[in-house]
Amino acid sequence: MLKVQFVRTVDSMDSVSLAGRDCDRSKVALLALMPGGFPLVGESLGICAISGFLKSRYPGLHVLLFDQQLHDLQEVVKVIDRERPVLLGVSAKHGTFSQLQELHRLLQTTIPQDRRPAVVAGNAVAALGGTTALQRVFPDLQVATGEGEITMADLYEHVQGRLPLRRVRNLLSSSGGPQDGAKEYLDPRLIAAPDRCHTLAFSSAGGEIYVEGSRGCAYGMCSFCTGSDVLGSRTRSVRWRPRPLEAIVRDLRCLTDLGVGVVTFADEDFFGPGVDGLRRAQRLAREIVSAGIRIRFRINARARSVSGSTGDEALNAEGEKTIQLLKQAGLCKVAMGLESGVASQLARYRKGIRLEQFNAAFRLMRRHGIECEFGFILIDPLMTLEELKQALEFLRRHGYVTVVSAVYKELRVQVGSPYVDQVREVEEARQVRILGEIDLESQEHEVVSHVDPSIAFIVSIMSPWSDLMYRLFYALRVLTQYPAQAAMRPDVSRSAQHICFQAIRELREIEFRLLTDLVRLLEEQGRDRGLASELCRRNELARRNVVARLLDTIVAAPADRHVRLSAEANTYLQRSTEFLAQLNRAGAIGLRREPLHVHQA
């Protein structure tokens, strides 16, 4: 593995600077890494928020802001070499470990040590893998485990000679733990307006623009979640921290002045706790309307925030009123994380919600004409075939197939998540191995087996099928995230927009059909790979037809051309041809064998 040496370690003498002696102490650089070849998503709010905070606190500070969606790494390093910032803060989200390695290589080979900035990595890769990965591969890298504003401000104070390194908050020591006591979290009143220097570039390209209304999650108990520790959601006193309403309204005003018409609230939990949270959202809606701000926005919400149990009339009434007021203020879409349509799986995920609450929340959105999409994690390693049948039936019965983010999705077992503890208990009780090695790139455990062999069979068929479409499907979703904004773009007309939406619906329906066919095969024929390959082949041909029609429509009129989408569609079709050839071979071999029968574990 690549091993990078920086100027000094966390536990070195504080009289020695982290950065090179010829760095410019009036400059700091921030960089958001992105997984290689990922479709453009939108503004990286994390580094924008940190930049805004640093500028508000240090008026003479110049912040260089880079985003790998807009800037090549070699270009970034050249600018850093020329400008000589004293600090480089790196946002390393899931899937960017190799990008971090490349950045370090470029820094080492391009910039002389005497003008190389001190480097601190934060976000998911740093927070989850700091002790087990980053500090092993990069022993002298500074690793931030909490909110970036606190650590970057403290490090800036340190390189100015005003703060001992041991007092820099939320920084890992070389021994792997926090340097000085418990993690600290930012007072929400101090969250600054984000640096908007790249907003227009992302907006004109159809990427998402984010607003921050709060930090943390009022619930913070989902077993698969790891972000809760970074944002404080597992610490009751700081679990959910709302920003002042006037600050949010100022941010929205700034964006409308820039010409942005649609935004996303980046909040994990837009509403916060109970009736009080709903009434705060009502006040925000009224202030947006009163200020004359005309902007559409999307939010992430828990279903139980707007829909209580039967008999909880106070919450239900406030939920109805809140959605009505938010729609008047510009609410156009709500994303809700249901994750499962099966009570036993919801219990494993620790969602703290009942299916009837979600159904009521979904009906509430529909009554008010609010588009609703919900997350659904269909497969987890502890799932049984009976649970899978119930989950698919739930989607069919309620007509949710076309509104889930994706029909087929496997749980990503992230390092440090409470779900890992559940799996370890099952492994010990059954004397089996379910989780394998940690993938440093994704910060996930490899799943090496499933409790139910029928689920393992489904995964072996569906995983390559799903991976084949992932990039194209994501590009479609990015393009259709905001109909109003995308329709204003010169390269996407309303007719093309409609075709993209239709393609997404059809692709979801095909995926659902394949899953139900595979379940039926398991029940009637057993784990017959030949017949499964034939089912996969038929549905792959149907999927290719959808993409071919999509390409014909997008390419037909020059005004509707979308280069990235066309490239992803053509790449998919090329890979699909190879995939079909593999399916044909597997089917021909499998059909000569006797079908396998399901054996219960």
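So, how was this worked out
Residues numbered from 1 in each chain as written. Predicted model: local features only at pLDDT ≥ 70, side-chain atom pairs only at ≥ 80, totals over all residues. Heavy atoms only, no water. Helix = DSSP H or I, 4+ residues; strand = E, 2+ residues; numbered from the N terminus. Buried < 20%, exposed > 50% of the residue type's maximum accessible area, 1.4 Å probe, protein only. Contact = heavy atoms within 4.5 Å. Areas by Shrake-Rupley, 256 points an atom, 1.4 Å probe, with all protein chains shown as cover. Core = buried A, V, L, I, M, F, W, Y, C linked by side-chain atoms within 4.5 Å. Phe/Tyr/Trp six-rings, centres within 6.5 Å; stacked < 30°, edge-to-face > 60°. Lys NZ or Arg CZ within 6 Å of the ring centre and 35° of its normal. Pairing = 2+ DSSP bridges. Right-handed = clockwise from strand over helix to strand, strands pointing away. Salt bridge = Lys/Arg side-chain N within 4 Å of Asp/Glu carboxyl O. Disulfide = S-S within 2.5 Å. Lys, Arg positive; Asp, Glu negative; His and termini not counted. Polar contact = N/O pair within 3.5 Å; in protein donor to acceptor, adjacent residues only side chain to side chain.

(A) Structural detail: the overall build of the chain. In terms of helices and strands, the chain carries 20 helices and 14 strands. Among the 601 residues that make up the chain, the fraction classed as buried is 58%. For the chain, the proportion of contacts with a sequence separation of at least 24, taken over those separated by at least 6, is 78%. Total accessible area on the chain is roughly 24700 Å²; 50% of this is exposed by carbon and sulfur atoms.

(B) How the structure looks around the nonpolar core. Counting residues in each nonpolar core, the largest one holds 104 residues, and the members touching the most others are Phe271, Phe374, Leu388 and Leu395. For this core, the element with the highest residue contribution is helix α16 (residues 453–479), accounting for 14 residues. Residue contacts for Phe374: discarding those within four places in its chain leaves Met336, Leu338, Phe358, Phe362, Leu395, Tyr400, Val403, Val404 and Ser405.

(C) Looking closely at the packing of aromatic side chains. In the structure shown here, the tally under the stated rule is 14 aromatic pairs. Here the aromatic rings of Phe362 and Phe374 are separated by 6.3 Å at their centres, their planes lie at 85 degrees, and the arrangement is edge-to-face. With Phe362 in helix α13 (residues 355–367) and Phe374 in strand β12 (residues 371–376), the pair connects residues that are 12 residues apart, well separated along the chain. You can call Phe374 buried: its relative accessible area is 0%. Ring geometry for Phe362 and Tyr400: centres 4.8 Å apart, planes at 65 degrees, overall edge-to-face. Of this pair, Phe362 sits in helix α13 while Tyr400 sits in the loop between α14 (385–398) and α15 (418–430), placing them 38 residues apart in sequence. By relative accessible area, Tyr400 is classed as buried at 3%. Among the aromatic side chains, those forming a connected cluster through ring pairs are Phe358, Phe362, Phe374, Phe376, Phe394 and Tyr400. When the ring centre of Tyr219 is taken as reference, the NZ or CZ atom of Arg302 above it lies at 4.0 Å.

(D) A look at the pairing of strand β3 (residues 85–91). Taken across its 7 residues, β3 has 7 buried, putting it largely inside the fold. Pairing of strand β1 (residues 24–32) with β3 involves 6 bridges; the strand directions are parallel. Paired with Ala32 across the two strands is Ser91, which belongs to β3. The pairing of β3 with strand β4 (residues 118–122) spans 5 bridges and is parallel. Opposite Gly89, over in β4, you have Val120 as the bridge partner. Once you follow β3 into helix α3 (residues 97–110) and on to β4, the crossover reads as right-handed.

(E) Region of the structure containing the pattern of salt bridges. For the structure shown, the criterion picks out 38 salt bridges. In this structure, Arg189 engages Asp187 in a salt bridge whose closest nitrogen and oxygen atoms are separated by 2.6 Å. A salt bridge links Arg433 to Glu437; the nearest nitrogen and oxygen atoms lie 3.7 Å apart. Among the ionic contacts, a cluster of salt bridges with common partners joins Glu147, Glu149, Glu212, Arg215 and Arg241.

(F) Spotlight on the state of the cysteines. Applying the stated criterion across every chain yields a total of 0 disulfides. Cys222 carries a free sulfur, and the closest cysteine sulfur to it, the one in Cys225, is 6.4 Å from it.

(G) Here's a closer look at the sheet that holds β1. In spatial order, the strands read β2-β1-β3-β4-β5; together these 5 strands make up an open sheet with parallel pairing. Each edge of the open sheet is held by one strand with a lone partner, namely β2 (62–67) and β5 (142–143). Looking at chain direction, β1 and β2 are connected through 6 bridges and run parallel. Residue pairing in the sheet places Ala29 in a bridge with Leu64 of β2.

(H) Here's a closer look at the side chain of Glu208. By the element assignment, Glu208 lies in the loop between α6 (199–204) and β6 (210–211). The buried charged residue Glu208 lacks any salt bridge, with Arg298 as its nearest oppositely charged partner at 4.4 Å. At a separation of 2.6 Å, a polar atom in the side chain of Glu208 contacts the side chain of Thr264.

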